[in-house]
Amino acid sequence: MTQRAKVVAKICRHTLIRFAQRLRRDETGSMAVEGVLSVLLLMGWMIVALQFFDGYRVKALNTKAAYTIADLLSREKYTVGPTYVEEMKKVFNYVTDARGASWIRVTGIKWNDSQKKFVVLFSHATDGKQAYTTDALQSEAKRIPAMPASDMAIIVETSMNFDPLFGIGDKA
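So, here is what we can say about the structure in this document.

What counts, and where the lines are drawn
- Residues numbered from 1 in each chain as written.
- Predicted model: local features only at pLDDT ≥ 70, side-chain atom pairs only at ≥ 80, totals over all residues.
- Heavy atoms only, no water.
- Patch = residues over 30% accessible without salt bridge, like charges linked within 9 Å, V, L, I, M, F, W, Y side chains within 5 Å.
- Areas by Shrake-Rupley, 256 points an atom, 1.4 Å probe, with all protein chains shown as cover.
- Salt bridge = Lys/Arg side-chain N within 4 Å of Asp/Glu carboxyl O.
- Lys, Arg positive; Asp, Glu negative; His and termini not counted.
- Charge placed at Lys NZ, Arg CZ, Asp CG, Glu CD.
- Helix = DSSP H or I, 4+ residues; strand = E, 2+ residues; numbered from the N terminus.
- Buried < 20%, exposed > 50% of the residue type's maximum accessible area, 1.4 Å probe, protein only.
- Polar contact = N/O pair within 3.5 Å; in protein donor to acceptor, adjacent residues only side chain to side chain.
- Contact = heavy atoms within 4.5 Å.
- Pairing = 2+ DSSP bridges.
- Axes fitted to C-alpha atoms, helices over the stretch in contact; angles between N-to-C directions.
- Left-handed = near helix turned anticlockwise from the far one by under 90°.
- Phe/Tyr/Trp six-rings, centres within 6.5 Å; stacked < 30°, edge-to-face > 60°.
- Lys NZ or Arg CZ within 6 Å of the ring centre and 35° of its normal.

**What about a positive patch on the surface?**
Side chains of Arg 18, Arg 22, Arg 24 and Arg 25 sit close together on the surface and give a patch of like positive charge. Secondary-structure assignment places Arg 25 in helix α1 (residues 3-25).

As structure tokens, this is what we get:
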């Protein structure tokens, strides 16, 4: 490095140090910078809070729709078939205002005390979802509460896609 380049580098370094010191002492405009950063932080927090609220709102709506379908099924006096379940899916879509893919599965089960397992009485699903068989239900048996011998229950499963408003988080 030549002598002249060393002098220019020293002057530049000295000028930058003086500028940084002067900038550090100068407090004009700091309130505006703090305000902008605070507003951005608050806006980000509000967007995330709205996203979480919407996710829990959709989950609660899905659960309430499942309760509605379960209530309708529990009051039914006649056999429930695939056509009835397809019509229940229309009720589900109406109640949840589902815009994306959704499905429901309705399964009637009974506890067989002699075999010590749940037996599927009927199972119907919509949109290509597999209906339960007695063997397939055994993998989910630990999620089903204990039942007295020969007691019957109806399992209603519902699912709908959730598309986040702002694309924050997992879309699964």
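Back to the write-up after that little detour.
**A few points about the side chain of Arg 105**
Following the sequence through the fold, Arg 105 ends up in strand β1 (residues 102-112). Assessed through its relative accessible area of 9%, Arg 105 is described here as buried. For Arg 105, the side chain forms a polar contact with the main-chain oxygen of Gln 130, separated by 2.5 Å. In this structure the side chain of Arg 105 is engaged in a polar contact, spanning 2.6 Å, whose partner is the side chain of Glu 157.

**Notes on the pattern of salt bridges**
Should their charged atoms come close, side chains of opposite charge can pair. The tally for this structure, following the rule as stated, stands at 8 salt bridges. Measuring nitrogen to oxygen at the nearest pair gives 3.0 Å for the salt bridge that ties Asp 71 to Arg 75. Asp 71 sits in the partly exposed class, given a relative accessible area of 35%. A relative accessible area of 60% means that Arg 75 is categorised as exposed. For Arg 105, the salt bridge goes to Glu 157, with nearest N and O atoms at 2.6 Å. Here Arg 105, found in strand β1, pairs with Glu 157, found in strand β3 (residues 152-160); they are 52 residues apart in sequence, far enough to count as distant.

**Focus on the side chain of Lys 89**
By the element assignment, Lys 89 lies in helix α3 (residues 82-96). By relative accessible area, which is 11% here, Lys 89 ends up buried. Setting aside residues up to four positions removed in sequence, Lys 89 forms contacts with Ser 102, Trp 103, Ile 104, Thr 126 and Asp 127.

**A few points about the sheet that holds β3**
Hydrogen bonds along the backbone pair up the strands of a sheet, which may run parallel or antiparallel. Read from one edge to the other, the open sheet built from 3 strands follows the order β2-β1-β3, with strand pairing classed as antiparallel. The open sheet has two edge strands with one neighbour each: β2 (117-125) and β3. Averaged over all pairs of adjacent strands, the angle between strand axes in this sheet comes to 25°, irrespective of strand direction. Two elements, β1 and β3, share 9 bridges in a ladder whose sense is antiparallel. Across the sheet, residue Arg 105 finds its bridge partner in β3, namely Glu 157. Across the sheet, helix α2 (residues 30-74) lies against β1 and β3, angled at about 145° from β3, the strand it touches most.

**Brief notes about the packing of α2 against α3**
In contact at an axis separation of 9 Å, α2 and α3 are set at 145° when each is read in the N-to-C sense. The element α2 and its partner α3 pack so that their crossing is right-handed. For the pair formed by α2 and α3, the contact residues are Leu 61, Asn 62, Ala 65, Ile 69, Leu 72 and Leu 73 on the first element and Tyr 84, Met 88, Val 91, Phe 92, Val 95 and Thr 96 on the second.

**Some words on the packing of aromatic side chains**
Throughout the structure, instances matching the rule amount to 1 aromatic pair. Seen in terms of ring centroids, Trp 111 and Phe 118 are 4.9 Å apart; in terms of plane orientation they differ by 70°. Their pairing is edge-to-face. Each member of the pair Trp 111 and Phe 118 is classed as buried. Note that Arg 105 overlies the ring of Tyr 132, its terminal NZ or CZ placed 4.2 Å from the centroid.

**Some thoughts on unusual backbone geometry**
Working note: non-glycine residues mostly have negative phi, and peptide bonds are mostly trans. In this model, Asp 97 sits at a positive phi of 55°, which is unusual for a non-glycine residue. You can see Asp 97 is positioned in the loop between α3 and β1. With a phi close to 55°, Asp 127 is a non-glycine residue in the positive phi region. Relative to the helices and strands, Asp 127 is located in the loop between β2 and α4 (134-137).

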